[in-house]
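Architecture and fold: a report
Chain by chain, the residues:
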Amino acid sequence: MKPCVCCGGELNHPGWGPAGFGVCGLCGSGFLPETARPYDAGYFDGSGGVDYAASKRQFQWINHRRLDWLTPLAPRPGRLLEVGCALGFFLEAAEERGWTGFGVEISPFAAAKARERHGERVIEGVLEAAPAAWKDLDLACGFHVLEHVPDPAAMVSDLAGRLKPGGLIAWEVPDFGSRAARTGRESWQYFLPGEHLNYFSLEGLKRLHKAAGMELVVSHPTSFTRLLGGVDRAGMKQVKEFVLRRLRWLGWIKALVLRLKGATGAHDCVFVVFKKREDL
């Protein structure tokens, strides 16, 4: 097996999971060989995954919560770049708070949808294709993206190079060090061979970013909780729309659920923010 992407440690099969799965003995992160996963319309329209458009209200609640976490670190909105921007919902939420946003999205379907609102500030493709002018950024971010990419070290290095000194990188990723991951193993909802390639521990994330001149400043345990996920899976769009329209207090329930999960160690994701050293 190749050495750990995060720290260079030796990878070994943990005794569970498919052949080729390796876990680092130093930082506890796990990795799977790269496989092809088409991020086509089915990944976004509900036919093969989450119906993003129908779930926009819930996505925006989550996105504004992320921005709430970021605001104390970046009180003055500036320039941000989101990798894996999907349909552009986070960019839209950030713009409502005064940010100027740019996005990169590998899915032709999602990129086209995002460009309907954001125009040329969203490109279809990978980060390496982003214009060189997208630099001097105050913030780079990606939410449930870093676990998908074949070379997370290259992505972190690229983003760090586009930041101003003191700029921030924010991620939300499944937490491979969480109790849910440790006890669930192959049944953990985020263990997805063929889709998720990288399984980060917090220590692994720290080492990955330290190599790019970044230091951890914030870590929040969280979960990507959609309270109406069951309604989604049943295809009951009209019921979901009715509930979201009538139950204005749904966000308070979601906030309570997330807080309880974090306090009891029942979370399965982590929101992290790294800061670029001022001397770089």
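Details of the structure are given in the entry above.
In this text, all values refer to a predicted model and were calculated from it rather than measured experimentally.

1. Overview of the overall build of the chain
Across its full length, the chain holds 10 helices and 11 strands. Classification of the 280 residues of the chain by burial places 50% in the buried group. In the chain, of all internal contacts separated by at least 6 residues, the share reaching a separation of at least 24 is 69%. For the chain, the computed accessible surface area is about 13,100 Å², with 54% contributed by carbon and sulfur atoms.

2. Description of the packing of aromatic side chains
Within this structure, the stated rule accounts for 21 aromatic pairs. The interplanar angle of 80 degrees and the centroid separation of 5.9 Å between the aromatic rings of Phe21 and Tyr199 together place this pair among those described as edge-to-face. You can see Phe21 sitting in the loop between β1 (11-12) and β2 (22-24) and its partner Tyr199 sitting in strand β9 (residues 198-199), a full 178 residues away along the chain. The rings of Trp16, Phe21, Phe176, Trp188, Tyr190, Phe191 and Tyr199 are connected pair by pair, giving a single aromatic cluster.

3. Regarding the nonpolar core
Counting 35 residues, the largest nonpolar core has Leu81, Leu146, Met155, Leu159, Trp171 and Leu205 as the members making the most contacts within it. Listing elements by their share of this core, those giving two or more residues are β4 (79-83), β5 (100-105), β7 (137-143), α5 (152-162), β8 (163-174), α7 (202-210) and β11 (269-276). Apart from residues no more than four positions distant in its own chain, Leu81 is found in contact with Phe102, Gly103, Val104, Leu127, Trp134, Leu137, Leu139, Ala140, Cys141, Leu159 and Arg162.

4. Remarks on the pattern of salt bridges
In the structure shown here, the tally under the stated rule is nine salt bridges. When the shortest N-O distance is used, the salt bridge between Lys164 and Asp138 registers 3.3 Å. With a gap of 26 residues between them, Lys164 in strand β8 and Asp138 in strand β7 connect regions that are remote in the sequence. As a salt-bridge pair, Glu203 and Arg207 come within 2.9 Å of each other at their nearest N and O atoms. Of this pair, Glu203 and Arg207 both sit in helix α7, separated by four residues, roughly a single helical turn. By relative accessible area, which is 32% here, Glu203 ends up partly exposed. If you follow the salt bridges from partner to partner, you end up with Lys56, Glu92, Glu95, Arg117 and Arg121 in one network.

About the thresholds
- Residues numbered from 1 in each chain as written.
- Predicted model: local features only at pLDDT ≥ 70, side-chain atom pairs only at ≥ 80, totals over all residues.
- Heavy atoms only, no water.
- Helix = DSSP H or I, 4+ residues; strand = E, 2+ residues; numbered from the N terminus.
- Buried < 20%, exposed > 50% of the residue type's maximum accessible area, 1.4 Å probe, protein only.
- Contact = heavy atoms within 4.5 Å.
- Areas by Shrake-Rupley, 256 points an atom, 1.4 Å probe, with all protein chains shown as cover.
- Phe/Tyr/Trp six-rings, centres within 6.5 Å; stacked < 30°, edge-to-face > 60°.
- Core = buried A, V, L, I, M, F, W, Y, C linked by side-chain atoms within 4.5 Å.
- Salt bridge = Lys/Arg side-chain N within 4 Å of Asp/Glu carboxyl O.

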